[in-house]
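# Remarks on the overall topology
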Amino acid sequence: DTAVSQTPKYLVTQMGNDKSIKCEQNLGHDTMYWYKQDSKKFLKIMFSYNNKELIINETVPNRFSPKSPDKAHLNLHINSLELGDSAVYFCASSPPGDGAFFGQGTRLTVV
Amino acid sequence: SQQGEEDPQALSIQEGENATMNCSYKTSINNLQWYRQNSGRGLVHLILIRSNEREKHSGRLRVTLDTSKKSSSLLITASRAADTASYFCGTSSNTGKLIFGQGTTLQVKP
């Protein structure tokens, strides 16, 4: 059973398109995150949700909109995709005060 | 904002040798966590050390934390080729953020 699953694993799309990445966790965790990993492997936190409520928004362009329909899901919608959005996006979840579980990542390529 | 910075950025050793990676951070933390990332995969949690702890062990891993210097180290003893990966330290604070640095890429040659 996959603890944190993201779909799709790969996403190739043209500039200006709108796309979504889905994330689901079956661990019962209250906290979920989205991270962006660039080509130099730097992992930058984008958003953090706790029990469906947004608690962290790290100066991410408003073209990025997270949606949490329930505490097991945190989806990421991106409008008007730009070349600079190309990266690997990771979803993660964690219990209070303990380590996080990461999904396998979604490699987004904007052409 | 980047919190943790790993050092060195890259490390190459022979199988059987020990590998030491360091992490420095800037602000107060609740705990510090080390993760491994294999190529093309997500991060895997290795070990967590709380701000009131100084040392922790898990198998071949040994982590130290010096809150006065705002630094931590990860030691992998008797390294194996399968330990080849990138290693990240993440810091967790009262804000609920879990922030990472750029990681250390470790190559263990057979």
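This text follows the structure it describes.
Parameters and conventions
Residues numbered from 1 in each chain as written. Chains lettered and ligands numbered in written order. Predicted model: local features only at pLDDT ≥ 70, side-chain atom pairs only at ≥ 80, totals over all residues. Heavy atoms only, no water. Helix = DSSP H or I, 4+ residues; strand = E, 2+ residues; numbered from the N terminus. Rg over C-alpha atoms; globule rule 2.2 N^0.38 Å. Pairing = 2+ DSSP bridges. Axes fitted to C-alpha atoms, helices over the stretch in contact; angles between N-to-C directions. Contact = heavy atoms within 4.5 Å. Buried area = accessible area lost by both parts, 1.4 Å probe. Salt bridge = Lys/Arg side-chain N within 4 Å of Asp/Glu carboxyl O. Polar contact = N/O pair within 3.5 Å; in protein donor to acceptor, adjacent residues only side chain to side chain. Nonpolar A, V, L, I, M, F, W, Y, C, P; charged D, E, K, R; others polar. Disulfide = S-S within 2.5 Å. Buried < 20%, exposed > 50% of the residue type's maximum accessible area, 1.4 Å probe, protein only.

What chain A contains, in helices and strands, is zero helices and eleven strands. Each helix (α) and strand (β) of chain A, taken in turn from the N terminus, gives the series β-β-β-β-β-β-β-β-β-β-β. Expected size for 111 residues packed as a compact globule is a radius of gyration near 13 Å; at 13 Å, chain A falls within 12% of this value. Based on the C-alpha atoms only, the size of chain A along its principal axes is roughly 40 × 25 × 25 Å.

Residue and element names in this part refer to chain A. In spatial order, the strands read 1-3-8-7; together these four strands make up an open sheet with antiparallel pairing. Of all the strands in the sheet, just strand 1 (4-7) and strand 7 (64-67) have a single pairing partner and so form its edges. Neighbour-to-neighbour, the strand axes of the sheet open up by a mean angle of 15 degrees, direction not taken into account. Bridging between strand 3 (residues 19-25) and strand 8 (residues 75-78) involves three bridges; their strand directions are antiparallel. Paired with Lys19 across the strands is Ile78, a residue of strand 8.

To continue, consider the interface of chain A and chain B. Between chain A and chain B, the contact holds 19 residues from the first and 23 residues from the second. Roughly 1700 Å² is buried in total at the junction of chain A and chain B, and carbon and sulfur atoms are behind 51% of that figure. At the junction of chain A with chain B, the criterion picks out one salt bridge. The partner of B:Lys97 in a salt bridge is A:Glu58, with the nearest N and O atoms 2.7 Å apart. Scanning the region where chain A abuts chain B turns up seven residue pairs in polar contact (both at pLDDT 80 or more). Within the residue set of the side of chain A that touches chain B, elements represented by two or more residues are strand 4 (31-37) and strand 5 (43-50) of chain A. Counted by class, the side of chain A that touches chain B contains nine nonpolar, six polar and four charged residues.

On to the state of the cysteines, then. As enumerated under the stated definition, the model contains two disulfides over all chains in all. Covalently, A:Cys23 is tied to A:Cys91 through a disulfide, its sulfur atoms 1.8 Å apart. The chirality of the disulfide connecting A:Cys23 with A:Cys91 is left-handed, given an S-S dihedral of about -75 degrees. In this pair, A:Cys23 is assigned in strand 3 and A:Cys91 in strand 9 (residues 87-94), connecting sequence segments 68 residues apart. For A:Cys23, a relative accessible area of 2% gives the class buried. By relative accessible area, A:Cys91 is classed as buried at 0%. One disulfide in the model links B:Cys23 with B:Cys89; its S-S distance is 1.9 Å. Measuring handedness by torsion sign, the sulfur bridge of B:Cys23 and B:Cys89 sits at about 60 degrees and is right-handed. Of the two residues, B:Cys23 is situated in strand 3 (residues 19-24) and B:Cys89 in strand 9 (residues 85-92); the sequence distance between them amounts to 66 residues. Of the residues examined, B:Cys89 reaches a relative accessible area of 0% and is grouped as buried.

The next subject is the sheet that holds strand 3 of chain B. Residues and elements named next belong to chain B. Sheet architecture is open: five strands sit in the order 1-3-8-7-6, paired in antiparallel fashion. Of all the strands in the sheet, the pair left with one neighbour each is strand 1 (5-7) and strand 6 (55-58). Taken over all neighbouring pairs, the strand axes of this sheet differ in orientation by 20 degrees on average, direction set aside. The sheet contact formed by strand 6 and strand 7 (residues 61-66) spans four bridges and is antiparallel. Opposite Ser58, over in strand 7, you have Leu61 as the bridge partner.

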